[in-house]
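Structural characterization, general
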Amino acid sequence: MKNETLFERAQRVIPGGVNSPVRAFRAVGGTPRFFERASGPHLWDAEGRRYIDYVGSWGPMVLGHTHPAVVSAVQAAAARALSYGAPTAEETLLAERLCELMPSLERVRLVSSGTEATMTAIRLARGFTGRKLIVKFEGCYHGHADALLVKAGSGALTFGHPSSAGVPEETAAQTLVLNYNDADQLRALFEKQGTQIAGVIVEPVAGNMNLVLPAPGFLEGLRELCTQSGALLILDEVMTGFRVALGGAQARYGIRPDLTTLGKVIGGGLPLGALGGRREVMEKLAPLGPVYQAGTLSGNPIAVAAGLATLQLVVQPRLLERIESTARMLTEGLLTEARKAGVTFSSQSIGSMFGIYFRDAPPRSFAEVMQCDREHFNRFFHAMLEQGVYLAPSAYEAGFVSAAHGEAEIDATLAAARAAFAKLR
Ligand SMILES: *Cc1c(COP(=O)(O)O)cnc(C)c1O
C-alpha cells in the first residue's frame, strides 16, 4: 500500500488524516509516512521502506522500539486483564519507583496523558493557593488544556491571548506568558502580581520549540520567586523525565519543584501520565481534598506494566550516559558535516534530547528559535527522509536518541546528512 493512498483515504474520515496535527507534515509539506512496524532504532512504512527513527513517538521510546522485555510485560499484563477500574499492586510499585527516582515526589497520581497531568497540576495549584493566575513561558508546550493554550499578549506583562480558537478570552486572561530565560521579566511580574500567582509552569529544558536549554540562574530564579510569593513551581517533565537525567531535569539542575508532571517515558509507549509533588499539596486531591480529578482508565494495568518494565531498564547503570554520548556523537557529527558544506547550522544535545538549528548558534528563546531558516530545515528534512532518516516533521521539535541507536545508525545518519547539507549550498 502506498503512503499517499493511505493518506488520501484517511483524510476522508479523519480531520487532516491524522489524530495529532504535527503528524500531517503540514510544516514541511509532502506525504506523511504510515508506519506498520518498528524495532530498536528502526521504523518500517507501508511501502516497506526502513527509516532510522529520531522521533521516538515524540519521546516515550527511550529504549528503542519493541524492546522484548517491555513487549512481554505488556503481553503478560494483557492476558491477565485489560482494565479493572479498581486498584492494583503494580500502580503502587510504579508510584514507589517514581518517588525513589525523583525525591521531590512525595505522593503521585497516575493519569493517562501528559495533558491530563498538567491540567490537573494547575487546578491543584489554584486549589491549594486559593489564587487564580498561572504563569507560563512562550514556546513551552504543556498539552492542550484551555488554560495552557495561551500565547503572549502584545507588550510585556499583559494578559495572555488564546492560541487556539475555542479557548475563551476570559480563560486565557488568567494565564500570563513570559519570555523563556528572561529572569528580569519574571522578577518584574512577581513584584507587581506575585501574591495573585497560583503557579508557574515551565519545561525545565524546553523541547517543544526545538531544544532550548535553561540559561544559568533561570530555574533557580523561578524557584526563589515562587518560594517568596507562595506560588507553586510546576516543572513539566513530561518530556525531560528520564531523558535529561534519571531524576529528570530537576536532578540535573538541582531544583526542587512543588509539583512535577510526567508522561511519555513513564508509559514506555502506552498512554500514561502522572503528577506528583509535595505531600501537603497532593493531599488536596480528591478523595482526600477538595480538588477533583478522576479517570476511567487511570493507572491502566497494561500501561503500568509497560511503564514499570521501561523504568526497570532505564535505571540500569550507565544506560542514560550511553544514550547521552550517542546523542553527542550525532550532534557533533552534524556540526562537522555542516561546517564542511559551508551551511549555517548549529546543534546541541542534553541527555537523549537534541536540537538542530539552521542558525549560527543554539537559540535561547522562542524569538531566537523563530530566526532559524525554516526553508533550509524543510529541504534538509526531505533530503534525510529520502535517505531513510526520520526526523521530526517540524523545525520546532526536539529530536530523540534511544538506547537502541548505536554507532552504525549514527554513521548512516551522518552520511545522509553529508548529502543533505551538500544540497543546501
Ligand atoms: C508531550 C508533552 C505534553 C503533553 O503530553 P500528552 O501526553 O501529549 O498529552 C505536556 N508537556 C510537555 C512538556 C510535553 O512534551
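Residues numbered from 1 in each chain as written. Predicted model: local features only at pLDDT ≥ 70, side-chain atom pairs only at ≥ 80, totals over all residues. Heavy atoms only, no water.

1. Observations concerning the domain arrangement of the chain
Going by this rule: Domain limits in this description derive from either an automatic procedure or a database domain assignment. We call two residues in contact when some of their heavy atoms are within 4.5 Å. Here the quantity called buried area is the accessible surface, traced with a 1.4 Å probe, that two parts lose on coming together, added over both. For salt bridges, the criterion is a side-chain nitrogen of Lys or Arg within 4 Å of an Asp or Glu carboxyl oxygen.
Domain annotation of the chain identifies domain 1 (3-66 + 317-422) and domain 2 (68-314). Using only C-alpha atoms to locate each centre, domain 1 and domain 2 end up separated by 25 Å. The partner domain 2 presents 31 residues to the 31 residues of domain 1 that form the contact. For the pairing of domain 1 and domain 2, the buried interface totals around 2600 Å² over both sides, and the portion due to carbon and sulfur atoms is 64%. A per-residue breakdown of the area domain 1 buries against domain 2 is headed by I350, M353 and F366, which together make up 23% of the total. Applying the counting rule to domain 1 against domain 2 returns one salt bridge. Residues E324 and R252 are paired through a salt bridge, measuring 2.9 Å at the closest nitrogen-oxygen approach.

2. A word on the site of the ligand
Using the following cut-off: If even one non-hydrogen atom of a residue comes within 4 Å of a molecule or strand, that residue is called near it. Contacts described as polar in this section are N or O atom pairs within 3.5 Å, which, within protein, must combine one atom able to donate a hydrogen with one able to accept it, while residues neighboring in sequence count only if both atoms come from side chains. What sets the accessible areas is the Shrake-Rupley method with a 1.4 Å probe; for residues, cover comes only from the shown protein chains.
Taken together, S113, G114, T115, Y141, H142, G143, E203, N208, D236, V238, M239 and K264 make up the full set of residues near the ligand. One of the backbone nitrogen or oxygen atoms of G114 is found 2.9 Å away from an oxygen atom of the ligand. At 3.1 Å, a side-chain N or O of N208 approaches an oxygen atom of the ligand. When the free accessible area of the ligand is taken as 380 Å², the share hidden by the protein chains comes to 83%.

3. Structural notes on the pattern of salt bridges
Two side chains of opposite charge can pair, provided their charged atoms sit close to one another. What counts, and what does not: The numbering of helices and of strands both runs from the N terminus, where a helix is a DSSP run of H or I of at least 4 residues and a strand a run of E of at least 2. Burial classes follow relative accessibility: with a 1.4 Å probe on protein chains only, a residue under 20% of its type's maximum area counts as buried, one over 50% as exposed, and anything between as partly exposed.
This structure, assessed with the given rule, holds 13 salt bridges. Notably, a salt bridge pairs E100 with R97, separated by 3.8 Å at the nearest N-O pair. Of this pair, E100 and R97 both sit in helix 3 (residues 89-101), separated by three residues, roughly a single helical turn. Of the residues examined, E100 reaches a relative accessible area of 56% and is grouped as exposed. Here the residues in one salt-bridge network are R223, D258, R278 and E280, joined through shared partners.

4. Focus on the sheet that holds strand 16 (residues 399-400)
Keep this limit in mind: Note: two strands are recorded as paired if DSSP finds a minimum of 2 bridges between them. Note on definitions: angles span 0 to 180 degrees between N-to-C directions of axes, and those axes are lines fitted to C-alpha atoms, for helices only across the stretch in contact.
Strands sit in the order 13-14-16 across an open sheet of three strands; the sheet is antiparallel. Sheet topology places strand 13 (346-350) and strand 16 at the edges, where each strand pairs with a single neighbour. Note: strand 13 against strand 14 (residues 353-357), five bridges, orientation antiparallel. Looking at the pairing, S347 lines up with I356 of strand 14. Along the sheet, helix 11 (residues 319-341) contacts strand 13 and strand 14; its crossing angle with strand 13, the most-contacted strand, is approximately 175°.

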